[in-house]
Amino acid sequence: MKIKDIDLGKYPVLLAPMEDVTDPAFRLMCKGFGADMVYTEFVSSDALIRSVSKTEQKLNISDEERPVAIQIYGKDTDTMVEAARIVEQARPDILDINFGCPVKRVAGKGAGAGMLQNIPKMLEITRAVADAVKIPVTVKTRLGWDAGNKIIVDLAEQLQDCGIAALTIHGRTRAQMYTGEADWTLIGEVKNNPRMHIPVIGNGDVTTPQRAKECFDRYGVDAIMIGRASFGRPWIFKEVKHYLETGEEMPPLSAEWKLNVLRREVEDSVKLLDERRGILHVRRHLAASPLFKGIPNFRDTRIAMLRAETKEELYRIFKEIEKLI
Ligand SMILES: Cc1cc2nc3c(=O)[nH]c(=O)nc-3n(C[C@H](O)[C@H](O)[C@H](O)COP(=O)(O)O)c2cc1C
(Lines give C-alpha, C1' and ligand atoms only; values in the text may rest on other atoms or scores of the structure.)
Protein backbone atom coordinates (compact mmCIF):
# COMPACT_ATOMS: atom_id res chain seq x y z
CA MET A 1 0.00 0.00 0.00
CA LYS A 2 1.23 3.46 -0.83
CA ILE A 3 0.42 6.88 0.55
CA LYS A 4 1.59 9.03 -2.33
CA ASP A 5 5.23 7.87 -2.75
CA ILE A 6 5.52 6.27 0.67
CA ASP A 7 5.44 2.52 0.26
CA LEU A 8 4.13 0.81 3.39
CA GLY A 9 4.24 -2.72 1.95
CA LYS A 10 1.57 -5.38 2.24
CA TYR A 11 -0.80 -5.40 5.23
CA PRO A 12 0.59 -2.26 6.88
CA VAL A 13 0.13 -2.00 10.63
CA LEU A 14 0.50 1.50 12.05
CA LEU A 15 1.06 2.83 15.56
CA ALA A 16 -1.78 5.22 16.44
CA PRO A 17 -1.05 8.76 17.58
CA MET A 18 -1.51 8.92 21.35
CA GLU A 19 -1.03 11.89 23.63
CA ASP A 20 1.62 11.30 26.31
CA VAL A 21 2.30 7.87 24.85
CA THR A 22 3.81 8.02 21.36
CA ASP A 23 7.00 9.86 22.25
CA PRO A 24 10.19 9.18 20.24
CA ALA A 25 11.27 6.28 22.48
CA PHE A 26 7.96 4.45 22.25
CA ARG A 27 7.68 5.08 18.52
CA LEU A 28 11.13 3.63 17.90
CA MET A 29 10.36 0.62 20.03
CA CYS A 30 7.13 -0.12 18.13
CA LYS A 31 8.94 0.46 14.86
CA GLY A 32 11.54 -2.09 15.96
CA PHE A 33 8.79 -4.62 16.51
CA GLY A 34 7.36 -4.06 13.04
CA ALA A 35 5.07 -1.02 13.02
CA ASP A 36 5.07 0.15 9.40
CA MET A 37 4.44 3.79 10.23
CA VAL A 38 4.33 5.71 13.49
CA TYR A 39 2.62 8.95 14.53
CA THR A 40 3.59 11.61 17.03
CA GLU A 41 1.06 12.54 19.67
CA PHE A 42 -1.17 15.41 18.51
CA VAL A 43 0.39 18.85 18.53
CA SER A 44 -1.61 21.99 19.21
CA SER A 45 -1.48 24.39 16.27
CA ASP A 46 -2.12 27.34 18.61
CA ALA A 47 0.85 26.43 20.80
CA LEU A 48 3.03 25.74 17.78
CA ILE A 49 2.60 29.16 16.24
CA ARG A 50 3.30 30.74 19.64
CA SER A 51 6.57 28.77 19.74
CA VAL A 52 5.76 27.10 23.06
CA SER A 53 8.95 25.12 23.59
CA LYS A 54 7.27 22.07 25.15
CA THR A 55 5.10 21.87 22.04
CA GLU A 56 8.01 22.37 19.66
CA GLN A 57 9.75 19.41 21.29
CA LYS A 58 6.91 17.22 20.06
CA LEU A 59 8.17 17.81 16.53
CA ASN A 60 11.41 15.95 17.30
CA ILE A 61 11.61 13.00 14.96
CA SER A 62 14.54 10.88 13.83
CA ASP A 63 15.41 9.15 10.57
CA GLU A 64 15.31 5.73 12.27
CA GLU A 65 11.58 5.97 12.84
CA ARG A 66 10.63 6.83 9.28
CA PRO A 67 8.08 6.82 7.85
CA VAL A 68 6.69 9.05 10.57
CA ALA A 69 3.66 11.34 10.63
CA ILE A 70 3.32 14.45 12.76
CA GLN A 71 -0.26 15.17 13.79
CA ILE A 72 -1.71 18.61 14.48
CA TYR A 73 -5.07 19.85 15.71
CA GLY A 74 -6.81 23.17 15.92
CA LYS A 75 -9.94 25.04 14.93
CA ASP A 76 -8.69 28.08 13.08
CA THR A 77 -7.76 27.84 9.40
CA ASP A 78 -4.92 30.41 9.34
CA THR A 79 -3.41 28.97 12.51
CA MET A 80 -3.57 25.44 11.12
CA VAL A 81 -1.92 26.57 7.87
CA GLU A 82 0.85 28.36 9.73
CA ALA A 83 1.33 25.34 12.01
CA ALA A 84 1.43 23.03 8.98
CA ARG A 85 4.28 25.08 7.50
CA ILE A 86 6.18 24.86 10.78
CA VAL A 87 5.62 21.10 10.86
CA GLU A 88 6.89 20.78 7.29
CA GLN A 89 10.21 22.28 8.41
CA ALA A 90 10.58 19.35 10.83
CA ARG A 91 10.55 17.06 7.75
CA PRO A 92 8.02 14.38 8.67
CA ASP A 93 6.95 12.02 5.90
CA ILE A 94 3.30 12.92 6.45
CA LEU A 95 1.29 15.65 8.12
CA ASP A 96 -1.85 14.26 9.75
CA ILE A 97 -4.78 16.39 10.88
CA ASN A 98 -6.70 15.32 13.97
CA PHE A 99 -10.48 15.60 13.61
CA GLY A 100 -11.13 12.79 16.07
CA CYS A 101 -10.09 13.77 19.58
CA PRO A 102 -13.22 13.56 21.76
CA VAL A 103 -11.96 15.10 25.01
CA LYS A 104 -13.72 18.18 26.24
CA ARG A 105 -10.75 20.55 26.31
CA VAL A 106 -10.30 19.88 22.55
CA ALA A 107 -13.65 18.85 21.05
CA GLY A 108 -15.57 21.20 23.37
CA LYS A 109 -13.71 24.11 21.77
CA GLY A 110 -14.52 22.96 18.27
CA ALA A 111 -11.19 21.28 17.44
CA GLY A 112 -10.55 17.52 17.07
CA ALA A 113 -13.85 15.63 16.92
CA GLY A 114 -15.60 18.95 17.60
CA MET A 115 -15.09 19.63 13.91
CA LEU A 116 -17.63 16.86 13.18
CA GLN A 117 -20.22 19.47 14.09
CA ASN A 118 -18.86 21.98 11.63
CA ILE A 119 -18.14 20.13 8.39
CA PRO A 120 -17.69 23.27 6.23
CA LYS A 121 -14.92 24.42 8.57
CA MET A 122 -13.36 20.96 8.63
CA LEU A 123 -13.23 20.94 4.84
CA GLU A 124 -11.91 24.50 4.67
CA ILE A 125 -9.05 23.65 7.04
CA THR A 126 -8.26 20.41 5.22
CA ARG A 127 -8.15 22.09 1.82
CA ALA A 128 -6.06 25.00 3.09
CA VAL A 129 -3.54 22.75 4.85
CA ALA A 130 -3.28 20.35 1.91
CA ASP A 131 -2.60 23.33 -0.39
CA ALA A 132 -0.08 24.92 1.99
CA VAL A 133 2.50 22.13 2.20
CA LYS A 134 4.27 19.82 -0.23
CA ILE A 135 4.29 16.72 1.99
CA PRO A 136 1.24 14.42 1.91
CA VAL A 137 -1.57 15.53 4.23
CA THR A 138 -3.81 12.90 5.81
CA VAL A 139 -6.81 13.09 8.15
CA LYS A 140 -7.83 10.99 11.16
CA THR A 141 -11.43 11.18 12.29
CA ARG A 142 -14.38 9.24 13.68
CA LEU A 143 -17.68 7.93 12.27
CA GLY A 144 -19.54 11.12 13.17
CA TRP A 145 -20.62 13.17 16.16
CA ASP A 146 -23.14 10.72 17.62
CA ALA A 147 -25.28 7.69 16.73
CA GLY A 148 -27.76 9.86 14.81
CA ASN A 149 -25.00 11.49 12.74
CA LYS A 150 -22.75 8.80 11.36
CA ILE A 151 -21.72 10.82 8.33
CA ILE A 152 -18.40 9.22 7.53
CA VAL A 153 -19.31 7.74 4.14
CA ASP A 154 -20.15 11.14 2.63
CA LEU A 155 -17.52 12.95 4.67
CA ALA A 156 -14.77 10.65 3.40
CA GLU A 157 -15.52 11.68 -0.17
CA GLN A 158 -15.59 15.34 0.76
CA LEU A 159 -12.25 15.06 2.55
CA GLN A 160 -10.79 13.21 -0.41
CA ASP A 161 -11.89 16.09 -2.65
CA CYS A 162 -9.89 18.46 -0.45
CA GLY A 163 -6.70 16.75 -1.59
CA ILE A 164 -5.78 14.46 1.29
CA ALA A 165 -3.55 11.46 0.62
CA ALA A 166 -5.16 8.96 3.03
CA LEU A 167 -7.92 8.81 5.63
CA THR A 168 -7.88 7.07 9.01
CA ILE A 169 -11.22 6.22 10.57
CA HIS A 170 -11.68 5.28 14.22
CA GLY A 171 -14.90 3.25 14.29
CA ARG A 172 -16.60 5.21 17.05
CA THR A 173 -18.60 8.42 17.29
CA ARG A 174 -17.49 11.36 19.39
CA ALA A 175 -20.34 10.63 21.80
CA GLN A 176 -18.97 7.15 22.40
CA MET A 177 -15.57 8.52 23.47
CA TYR A 178 -13.79 5.20 24.05
CA THR A 179 -16.81 3.15 25.19
CA GLY A 180 -18.66 0.38 23.42
CA GLU A 181 -17.16 -1.57 20.59
CA ALA A 182 -15.60 0.00 17.52
CA ASP A 183 -17.93 -0.47 14.55
CA TRP A 184 -15.97 -1.41 11.46
CA THR A 185 -18.95 -1.81 9.12
CA LEU A 186 -18.95 1.85 8.14
CA ILE A 187 -15.17 1.80 7.74
CA GLY A 188 -15.72 -1.05 5.26
CA GLU A 189 -18.43 0.95 3.53
CA VAL A 190 -16.07 3.87 3.03
CA LYS A 191 -13.40 1.55 1.67
CA ASN A 192 -15.84 -0.14 -0.70
CA ASN A 193 -17.28 3.11 -2.01
CA PRO A 194 -16.20 3.02 -5.67
CA ARG A 195 -15.67 6.77 -5.60
CA MET A 196 -12.94 6.48 -2.97
CA HIS A 197 -9.45 6.14 -4.38
CA ILE A 198 -7.21 7.18 -1.47
CA PRO A 199 -6.05 4.57 1.07
CA VAL A 200 -8.38 3.99 4.02
CA ILE A 201 -6.82 3.10 7.35
CA GLY A 202 -9.08 1.36 9.88
CA ASN A 203 -8.73 1.88 13.61
CA GLY A 204 -10.42 0.73 16.78
CA ASP A 205 -10.10 -2.27 19.09
CA VAL A 206 -7.53 -4.24 17.14
CA THR A 207 -6.07 -6.25 20.00
CA THR A 208 -5.12 -9.62 18.49
CA PRO A 209 -3.38 -10.88 15.34
CA GLN A 210 -6.59 -12.69 14.36
CA ARG A 211 -8.66 -9.54 14.62
CA ALA A 212 -6.05 -7.65 12.60
CA LYS A 213 -6.36 -10.17 9.77
CA GLU A 214 -10.15 -10.08 9.96
CA CYS A 215 -10.08 -6.29 9.59
CA PHE A 216 -8.11 -6.59 6.37
CA ASP A 217 -10.09 -9.55 4.99
CA ARG A 218 -13.59 -8.52 5.96
CA TYR A 219 -13.50 -4.76 5.58
CA GLY A 220 -10.85 -4.48 2.86
CA VAL A 221 -8.97 -1.62 4.52
CA ASP A 222 -5.56 -0.66 3.16
CA ALA A 223 -3.94 -0.52 6.59
CA ILE A 224 -4.84 -0.93 10.23
CA MET A 225 -3.81 1.22 13.15
CA ILE A 226 -3.24 -0.02 16.70
CA GLY A 227 -3.43 2.19 19.77
CA ARG A 228 -4.23 0.99 23.25
CA ALA A 229 -3.30 -2.64 22.68
CA SER A 230 0.33 -1.50 22.47
CA PHE A 231 0.30 -0.31 26.11
CA GLY A 232 2.73 -2.53 27.98
CA ARG A 233 2.77 -4.72 24.88
CA PRO A 234 4.76 -3.03 22.13
CA TRP A 235 5.58 -6.51 20.81
CA ILE A 236 1.99 -6.72 19.53
CA PHE A 237 3.35 -5.43 16.22
CA LYS A 238 5.66 -8.45 15.99
CA GLU A 239 2.78 -10.85 16.74
CA VAL A 240 0.40 -9.17 14.31
CA LYS A 241 2.91 -8.83 11.48
CA HIS A 242 3.96 -12.46 11.82
CA TYR A 243 0.36 -13.63 11.65
CA LEU A 244 -0.46 -11.42 8.67
CA GLU A 245 2.60 -12.59 6.79
CA THR A 246 2.41 -16.33 7.55
CA GLY A 247 -1.20 -17.01 8.61
CA GLU A 248 0.16 -18.62 11.76
CA GLU A 249 0.63 -17.50 15.31
CA MET A 250 4.26 -17.04 16.22
CA PRO A 251 5.75 -19.27 18.91
CA PRO A 252 4.91 -17.70 22.28
CA LEU A 253 7.36 -15.05 23.45
CA SER A 254 8.74 -15.90 26.88
CA ALA A 255 7.72 -13.92 29.94
CA GLU A 256 11.39 -13.21 30.58
CA TRP A 257 11.79 -11.72 27.09
CA LYS A 258 8.69 -9.57 27.59
CA LEU A 259 9.89 -8.34 30.96
CA ASN A 260 13.17 -7.37 29.35
CA VAL A 261 11.27 -5.37 26.74
CA LEU A 262 9.45 -3.55 29.52
CA ARG A 263 12.80 -2.89 31.26
CA ARG A 264 14.04 -1.40 28.00
CA GLU A 265 10.94 0.76 27.83
CA VAL A 266 11.74 2.08 31.30
CA GLU A 267 15.39 2.73 30.36
CA ASP A 268 14.42 4.50 27.11
CA SER A 269 11.90 6.66 28.84
CA VAL A 270 14.29 7.63 31.64
CA LYS A 271 16.94 8.47 29.06
CA LEU A 272 14.49 10.64 27.11
CA LEU A 273 13.14 12.51 30.14
CA ASP A 274 14.75 11.96 33.52
CA GLU A 275 14.34 9.29 36.17
CA ARG A 276 11.26 10.66 37.90
CA ARG A 277 9.39 11.84 34.81
CA GLY A 278 10.46 8.83 32.78
CA ILE A 279 9.03 6.47 35.36
CA LEU A 280 5.88 8.50 35.74
CA HIS A 281 5.51 8.22 32.00
CA VAL A 282 5.89 4.44 31.66
CA ARG A 283 4.40 3.05 34.82
CA ARG A 284 0.87 3.33 33.44
CA HIS A 285 1.96 1.11 30.55
CA LEU A 286 3.55 -1.33 32.89
CA ALA A 287 0.43 -1.58 35.02
CA ALA A 288 -1.66 -2.25 31.89
CA SER A 289 0.66 -4.91 30.50
CA PRO A 290 -1.03 -8.21 29.68
CA LEU A 291 2.18 -9.88 30.86
CA PHE A 292 0.92 -9.59 34.40
CA LYS A 293 -2.59 -10.87 33.75
CA GLY A 294 -3.40 -14.00 35.65
CA ILE A 295 -0.79 -13.52 38.36
CA PRO A 296 -2.58 -14.41 41.61
CA ASN A 297 -3.09 -11.47 43.98
CA PHE A 298 -1.45 -9.09 41.54
CA ARG A 299 -3.49 -6.12 42.76
CA ASP A 300 -1.04 -5.01 45.43
CA THR A 301 1.94 -5.40 43.12
CA ARG A 302 0.14 -3.39 40.47
CA ILE A 303 -0.54 -0.60 42.95
CA ALA A 304 3.12 -0.64 44.02
CA MET A 305 4.13 -0.39 40.38
CA LEU A 306 1.82 2.59 39.88
CA ARG A 307 3.45 4.30 42.87
CA ALA A 308 7.09 3.56 42.08
CA GLU A 309 9.20 6.66 41.57
CA THR A 310 12.68 5.29 41.03
CA LYS A 311 14.19 2.67 38.77
CA GLU A 312 15.48 0.84 41.83
CA GLU A 313 11.98 0.58 43.26
CA LEU A 314 10.53 -0.52 39.96
CA TYR A 315 13.18 -3.14 39.26
CA ARG A 316 12.76 -4.54 42.75
CA ILE A 317 9.08 -5.06 41.92
CA PHE A 318 10.06 -6.63 38.56
CA LYS A 319 12.31 -9.08 40.44
CA GLU A 320 9.36 -10.13 42.59
CA ILE A 321 7.21 -10.51 39.50
CA GLU A 322 9.88 -12.59 37.79
CA LYS A 323 9.37 -15.24 40.46
CA LEU A 324 5.64 -15.36 39.73
CA ILE A 325 5.54 -15.53 35.94
C1 LIG B 1 -4.12 7.85 25.89
C2 LIG B 1 -4.65 8.09 24.48
C3 LIG B 1 -4.22 9.21 23.80
C4 LIG B 1 -4.69 9.46 22.50
N5 LIG B 1 -4.20 10.54 21.83
C6 LIG B 1 -4.55 10.71 20.50
C7 LIG B 1 -3.95 11.74 19.72
O8 LIG B 1 -3.09 12.51 20.18
N9 LIG B 1 -4.34 11.83 18.42
C10 LIG B 1 -5.27 10.99 17.85
O11 LIG B 1 -5.59 11.11 16.68
N12 LIG B 1 -5.85 10.03 18.60
C13 LIG B 1 -5.49 9.85 19.89
N14 LIG B 1 -6.02 8.81 20.58
C15 LIG B 1 -6.92 7.86 19.90
C16 LIG B 1 -6.13 6.70 19.28
O17 LIG B 1 -5.25 7.15 18.29
C18 LIG B 1 -7.07 5.65 18.66
O19 LIG B 1 -7.83 6.29 17.66
C20 LIG B 1 -8.05 5.05 19.68
O21 LIG B 1 -7.40 4.73 20.89
C22 LIG B 1 -8.73 3.80 19.12
O23 LIG B 1 -7.78 2.82 18.76
P24 LIG B 1 -7.44 1.56 19.73
O25 LIG B 1 -8.72 0.86 20.02
O26 LIG B 1 -6.48 0.72 18.93
O27 LIG B 1 -6.82 2.13 20.96
C28 LIG B 1 -5.61 8.57 21.89
C29 LIG B 1 -6.05 7.46 22.61
C30 LIG B 1 -5.58 7.21 23.88
C31 LIG B 1 -6.07 5.99 24.60
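Remember, it's a predicted structure, so these values are computed and weren't measured experimentally.

Novice: How do you make sense of the UniProt feature "domain: DUS-like FMN-binding" (unreviewed entry) in the chain when you look at a structure like this?
Specialist: With numbering matched to this structure, UniProt assigns "domain: DUS-like FMN-binding" (unreviewed entry) to residues 14-302. Counting secondary structure, residues 14-302 comes out at 44% helix and 14% strand; the distance between its end C-alpha atoms is 29 Å.

Novice: Before we go on, may I ask you to explain helix α8 (residues 185-192) in this structure?
Specialist: Each full turn of the α-helix corresponds to 3.6 residues, which orients residues three or four apart in the same direction. For α8, the full list of buried residues reads Leu186, Ile187, Gly188 and Val190. Against the buried residues of α8 lie α7 (152-161), β8 (166-170), β9 (200-203) and α9 (209-219).

Novice: Please clarify how the site of the ligand should be interpreted in this entry.
Specialist: Neighbouring the ligand are 16 residues, the closest being Gln71, Lys140, Asn203, Asp205 and Arg228. Considering the ligand on its own, with 610 Å² of exposed area, one finds that the protein chains cover 90% of that surface. Classifying every residue of the shell around the ligand gives six nonpolar, six polar and four charged.

Novice: Looking at this model, I keep getting lost on the packing of α7 against α8. Mind explaining?
Specialist: Describing two packed helices takes the angle between their axes plus the distance from one axis to the other. For the pair α7 and α8, the least separation of the axes is 9 Å and the interaxial angle reads 40°. As summarised for this structure, α7 and α8 are arranged oblique, according to the angle between their axes. For the pair α7 and α8, the crossing hand works out as right-handed. Counting all contacts with α7, which are made through Ile152, Val153 and Ala156, the residues of α8 involved are Leu186, Glu189 and Val190. When its residues are assigned to classes, the contact of α7 with α8 shows five nonpolar, no polar and one charged.

Novice: Honestly, the domain arrangement of the chain in this entry has me stumped. Any pointers?
Specialist: Much of the literature gives interface size as the accessible area that the parts lose upon coming together. Parsing the chain into structural domains produces domain 1 (2-246) and domain 2 (255-322). On a C-alpha basis, the centres of domain 1 and domain 2 stand 29 Å from each other. Put simply, domain 1 and domain 2 have zero salt bridges between them. Between domain 1 and domain 2 we count three residue pairs in polar contact (both at pLDDT 80 or more) in total. For the side of domain 1 that touches domain 2, the element with the highest residue contribution is helix α1 (residues 24-32), accounting for four residues. Of the residues contributing to the side of domain 1 that touches domain 2, the split by class is nine nonpolar, one polar and four charged.

Novice: Just checking my understanding: could you explain the pattern of salt bridges for this structure?
Specialist: For side chains bearing opposite charge, pairing can occur when the charged atoms are close. Under the criterion given, the structure shown has 21 salt bridges. Residue Lys150 is joined to Asp183 by a salt bridge in which the shortest nitrogen-to-oxygen separation is 3.8 Å. Highlighted residues: Lys150 in the loop between β7 (137-142) and α7 and Asp183 in the loop between β8 and α8, separated in sequence by 33 residues. Asp222 serves as the salt-bridge partner of Lys191, at 2.8 Å between the closest nitrogen and oxygen. Placement of the pair is Lys191 in helix α8 and Asp222 in the loop between α9 and β10 (223-226), with a sequence separation of 31 residues. Given the relative accessible area of 23%, Lys191 is considered partly exposed. Salt bridges linked by common partners bring Asp63, Arg66 and Asp93 together as one network.

Novice: Is there a simple way to explain the sheet that holds strand β4 (residues 37-44) in this structure?
Specialist: Strand pairing within a sheet occurs via backbone hydrogen bonds; the two strands may be parallel or antiparallel. Taken in spatial order, the eight strands close into a barrel running β3-β4-β5-β6-β7-β8-β9-β10, and their pairing is parallel. The average angle at which neighbouring strand axes cross in this sheet is 25°, direction not considered. Alignment of β9 against β10, held across three bridges, turns out to be parallel. Bridge assignment links Ile201 to a residue of β10, and that residue is Ala223. Sheet strands in contact with α8 are β8 and β9, and its direction is about 175° off that of β9. Against the sheet, helix α10 (residues 236-246) makes contact with β3 (13-15) and β10, and its axis sits at roughly 170° relative to β3, the strand it touches most.

Novice: Looking at this structure, I do not really get the pairing of β4. What am I missing?
Specialist: Walk down a regular strand and you will see the side chains alternate between the two sheet faces. Among the eight residues that make up β4, eight are buried, leaving the element largely enclosed by the rest of the structure. Relative to strand β5 (residues 68-73), β4 is paired through five bridges, and the arrangement is parallel. Residue Phe42 lies in a different strand from β5, and its bridge partner there is Gln71.

Novice: Explain the packing of helix α13 (residues 298-307) against helix α14 (residues 311-324) here, please?
Specialist: The geometry of α13 relative to α14 is characterised by a closest axis approach of 9 Å and an angle of 160° between their N-to-C directions. The angle between the axes of α13 and α14 places the two elements in the roughly antiparallel class. Between α13 and α14 lies a crossing of left-handed hand. In contact with Phe298, Thr301, Ala304, Met305 and Arg307 of α13, α14 contributes Glu313, Leu314, Ile317, Phe318 and Ile321. Residue composition of the contact of α13 with α14, grouped by class: seven nonpolar, one polar and two charged.

Novice: Please explain the side chain of Gln71 as it appears in this structure.
Specialist: Here Gln71 is to be found in strand β5. A residue is classified by how much of its surface remains accessible, and Gln71, at 2% relative accessible area, is buried. Separated by 3.0 Å, the side chains of Gln71 and Asp96 make a polar contact. Excluding residues within four positions of it along the chain, Gln71 makes contact with Pro17, Thr40, Glu41, Phe42, Val43, Asp96, Ile97, Asn98 and Lys140.

Criteria and cut-off values
- Residues numbered from 1 in each chain as written.
- Predicted model: local features only at pLDDT ≥ 70, side-chain atom pairs only at ≥ 80, totals over all residues.
- Heavy atoms only, no water.
- UniProt positions renumbered as here; feature names shortened; annotations may be inferred.
- Helix = DSSP H or I, 4+ residues; strand = E, 2+ residues; numbered from the N terminus.
- Buried < 20%, exposed > 50% of the residue type's maximum accessible area, 1.4 Å probe, protein only.
- Contact = heavy atoms within 4.5 Å.
- Near = heavy atom within 4 Å.
- Areas by Shrake-Rupley, 256 points an atom, 1.4 Å probe, with all protein chains shown as cover.
- Nonpolar A, V, L, I, M, F, W, Y, C, P; charged D, E, K, R; others polar.
- Axes fitted to C-alpha atoms, helices over the stretch in contact; angles between N-to-C directions.
- Parallel < 35°, antiparallel > 145°, perpendicular 65-115°, else oblique.
- Left-handed = near helix turned anticlockwise from the far one by under 90°.
- Domains from an automatic or database assignment.
- Salt bridge = Lys/Arg side-chain N within 4 Å of Asp/Glu carboxyl O.
- Polar contact = N/O pair within 3.5 Å; in protein donor to acceptor, adjacent residues only side chain to side chain.
- Pairing = 2+ DSSP bridges.

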